[in-house]
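Okay, here's what each chain looks like letter by letter:
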Amino acid sequence: MKARLVRQIAAGGPIPFDEFMREALYGDGGFFASAELRSTKSGHFLTSPEVSVLFGETLAVYVGAERDRVGADFGLVEVAGGSGSLLAPLLSALPVPARAVEASPAARAALETIVGADAVFSSLEDLQTPMAGVILANELLDNLPMAIAQLTEAGWRERWVGADDDDLCFVDAPVRPEVGDWLARFAGPVEVGGWVEVQIEAAGWVRRAVRMLDRGSVVLIDYGDVAENLAPRRRDGTLRTYRSHHLGPHPLDEPGATDITADVNFTAMAAAAEEAGASVEIHRQDDFLGAWGLRGRISDMRRTELELARAGDDMQRLAVRTRRAEAETLVHPRGLGDFRVLVARK
Ligand SMILES: C[S@@+](CC[C@H](N)C(=O)[O-])C[C@H]1O[C@@H](n2cnc3c(N)ncnc32)[C@H](O)[C@@H]1O
């Protein structure tokens, strides 16, 4: 892919970073277009549903409450479900009509085994609207193509992708009007030299998802924060790659072979949801899962471990301890617990 992009850019000129990211992740040979399932324990990044089935089981409690609130015609849609590690335990705990939307063919195949081929779609726009229910996505927004801007002494400039011999490099470009508008609203405090990821496509996705809902909620879980809290991360920006569970090479070095991602600007996502008619709450993941019963389940497991220890059943005690340790990972305050959960209700 890199050689193809170098040739294309050498012939046609630099491209915006969002165009590069779309190609690197979803184009021919893209990271999520390959036959390999990416979000698995043996894959490239470890997400909450891959860490513990209690993620899906806890979200089932939330979805059940929404079903009671929304009433007739309730349905669940999971977007970007990856291997199905969220949907499977959720549906075991709460059998509701469910559909899945996935951009990756490998992930669609995995999801078909859970909800059936008729209920798996490649784009949100394939679903019938309006609908009642919950639209759920874990770690989708951080993977949607974004532009990159840098604040210079002369104001905002974009960073596009150019070619230098056999390599790709960032090149200076003027700010496109829509990028400039987004920066004025959502960049937050940034010092000269600071890099900002401009998440126009993610905000558009949020707007469309909320508009599809007649009654119910869109729940979006991801790393990131509101704009003012992103300020300390704005020196070099938060653009990064992951490979085999570790930070990977520079985002321009191995397109197609690494995940490309950045912290989500939740101020921009909340504004998009509100513009589409939802009322919005933003929680930390540890608080959100705790409020929907995970803390109670962790306490129950601790009690069970003690009882099993007293009974001398070490095998069972170790199994419960492993399950508890996985659940605690979901609410670790400096790890997954520090993720944000945006709830947009209608
Ligand atoms: C980081 S993975 C997360 C997978 C899963 N949610 C998890 O937590 O393990 C991101 C997923 O988003 C999917 N994706 C990206 N853009 C999408 C879109 N526009 N619609 C649906 N799925 C998308 C990718 O194919 C990939 O499977």
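Chains are numbered independently. Their residues run from 1 in the order of the written sequence. Restriction of local features to residues with pLDDT of at least 70 applies here, the model being predicted, together with a cutoff of 80 or more for giving and counting side-chain atom pairs; totals for whole chains, interfaces and linings are based on all residues. Remark: hydrogens and water are excluded; side-chain values derive from all non-hydrogen atoms of the structure.

**Student:** Help me out: how do you make sense of the overall build of the protein in this one?
**Tutor:** Under the DSSP-based scheme used, a helix requires at least four consecutive residues in state H or I and a strand at least two consecutive residues in state E, with every element numbered from the N terminus. In terms of regular secondary structure, the protein is built from 13 helices and 17 strands. Two things to know: the radius of gyration comes from C-alpha atoms, and the globule rule equals 2.2 Å times the number of residues to the power 0.38. Computed over the C-alpha atoms, the radius of gyration of the protein is 21 Å, within 12% of the 20 Å expected from 2.2 N^0.38 for a compact globule of 346 residues. Taking all contacts inside the protein whose residues are at least 6 apart in sequence as the whole, residues at least 24 apart take part in 71%. Carbon together with sulfur atoms contributes 51% to the accessible area of the protein, which is approximately 14,600 Å² in total. Separation of charge centres in the protein, based on 37 positive and 52 negative side chains, amounts to 4 Å. Any two residues whose heavy atoms approach within 4.5 Å at even a single point are treated as in contact. To measure how exposed things are, a 1.4 Å probe is used in the Shrake-Rupley method; for residues, cover is taken only from the protein chains shown. For the charge count, each Lys or Arg is scored as positive and each Asp or Glu as negative, with His and the chain ends excluded. Taken as the charge centre is NZ of Lys, CZ of Arg, CG of Asp or CD of Glu, depending on the residue.

**Student:** Is there a simple way to think about the nonpolar core in this case?
**Tutor:** Buried together is how nonpolar side chains tend to be arranged in soluble globular proteins. Definition of nonpolar core: a set of buried residues of the types Ala, Val, Leu, Ile, Met, Phe, Trp, Tyr and Cys, connected through side-chain atoms within 4.5 Å. Accessibility here uses a 1.4 Å probe with only protein chains present; expressed as a share of the type maximum, an area under 20% marks a residue as buried, one over 50% as exposed, and anything in between as partly exposed. Ranked by size, the top nonpolar core spans 45 residues in total, and within it V79, I135, L141, W205, V206 and M269 carry the most contacts. Apart from residues lying up to four places away in sequence, L141 is in contact with A202, W205, V206, L220, D222, V264 and M269. Core analysis: the next-biggest nonpolar cluster, separate from the first, contains 43 residues, V63, V96, I221 and L294 among them.

**Student:** Got a minute to help me understand the site of the ligand in this structure?
**Tutor:** Nearness is judged by heavy atoms alone; a residue qualifies as near a molecule or strand once a single heavy atom is within 4 Å of it. Around the ligand sit 19 residues, and of these Y26, T47, A80, E102 and N138 come closest. Here a nitrogen atom of the ligand and a backbone polar atom of N138 are 2.8 Å apart. Here the ligand loses 93% of its free accessible area of 600 Å² to cover by the protein chains. In this analysis the probe radius is 1.4 Å and the grid spacing 1 Å, with only protein atoms considered; a cavity is a set of points the probe fits into but cannot get out of, a pocket is an open set with protein on both sides within 12 Å along at least five of seven lines, and lining residues have an atom within 4 Å of a point. Cavities and pockets are treated as containing a molecule whenever more than half of the molecule's atoms lie within 2 Å of their grid points. With respect to the pocket detection grid, the ligand is positioned in the largest pocket. Polar contact criterion, stated in full: a pair of N or O atoms within 3.5 Å, where within protein one must be able to donate a hydrogen and the other to accept it, and residues adjacent in sequence count only if both atoms are side-chain atoms.

**Student:** What should I look at first to understand the packing of aromatic side chains in this one?
**Tutor:** Ring pairs (aromatic) are described by centroid distance and by the angle formed between their planes. Pairs were defined over the aromatic rings of Phe, Tyr and Trp, the Trp ring being its six-membered one, requiring ring centres within 6.5 Å. Orientation was assigned from the angle between planes: stacked under 30 degrees, edge-to-face over 60, tilted for the rest. Counted under the stated rule, the structure contains nine aromatic pairs. On the numbers, 5.8 Å between centres and 35 degrees between planes, the contact of F17 with F170 is tilted. Note that F17 is positioned in helix α2 (residues 17-26) and F170 in strand β8 (residues 167-173), a separation of 153 residues in sequence. What makes F17 buried here is its relative accessible area of 0%.

**Student:** Quick question: what am I supposed to make of the sheet that holds strand β17 (residues 340-345) here?
**Tutor:** Working definition: the strands of a sheet are paired by backbone hydrogen bonds and lie parallel or antiparallel to each other. Two strands are counted as paired when DSSP detects at least two bridges linking them. An order of β4-β3-β2-β5-β10-β17-β16 is seen for the seven strands of this open sheet, with the pairing classed as mixed. Every other strand in the sheet has two partners, leaving β4 (120-121) and β16 (279-284) as the edge strands with one partner each. Axis geometry follows a simple rule: fit a line to the C-alpha atoms, using only the stretch in contact for helices, then measure angles between N-to-C directions, giving values from 0 to 180 degrees. Running at roughly 160 degrees to strand β10 (residues 213-222), helix α4 (residues 53-70) makes contact with β2 (74-79), β5 (131-138), β10 and β17 of the sheet. Sheet contacts for helix α8 (residues 200-212): β2, β5, β10 and β17; angle to β10, the most-contacted strand, approximately 145 degrees.

**Student:** What is the right way to read helix α7 (residues 177-186) from this model?
**Tutor:** Within an α-helix, residues lying three or four positions from one another point in the same direction, as the helix has 3.6 residues per turn. Along α7, the residues that are buried comprise V179, W182, L183 and F186. An end-on view of α7 places all buried positions within 100 degrees of arc, on one side of the element. Away from its buried face, by an angle of more than 90 degrees, α7 presents the exposed residues P177, D181, A184 and R185. Backbone geometry just after α7 places G188 at a positive phi near 75 degrees. In this description, one arc is meant: the one made by directions from the helix axis to the C-beta atoms.

**Student:** Whenever I open this one, the packing of α8 against helix α10 (residues 266-275) confuses me. Can you help?
**Tutor:** Packed helix pairs are specified by the crossing angle of their axes together with the interaxial distance, meaning the distance between the axes. It is the contact of α8 with α10, at a shortest axis distance of 8 Å, that shows an interaxial angle of 35 degrees. As for how α8 packs across α10, the hand of that crossing is right-handed. Only A268, M269, A272, A273 and E275 of α10 make contact with α8, whose side of the interface consists of A202, A203, V206, R207, V210 and R211. Residue polarity is assigned by list, with Asp, Glu, Lys and Arg as charged and Ala, Val, Leu, Ile, Met, Phe, Trp, Tyr, Cys and Pro as nonpolar; anything else, Gly included, falls into the polar class. Of the residues assigned to the contact of α8 with α10, the class counts are eight nonpolar, no polar and three charged. In a left-handed crossing the near helix is turned counterclockwise from the far helix by less than a right angle, and in a right-handed crossing that turn is clockwise.

These figures capture arrangement, not role.
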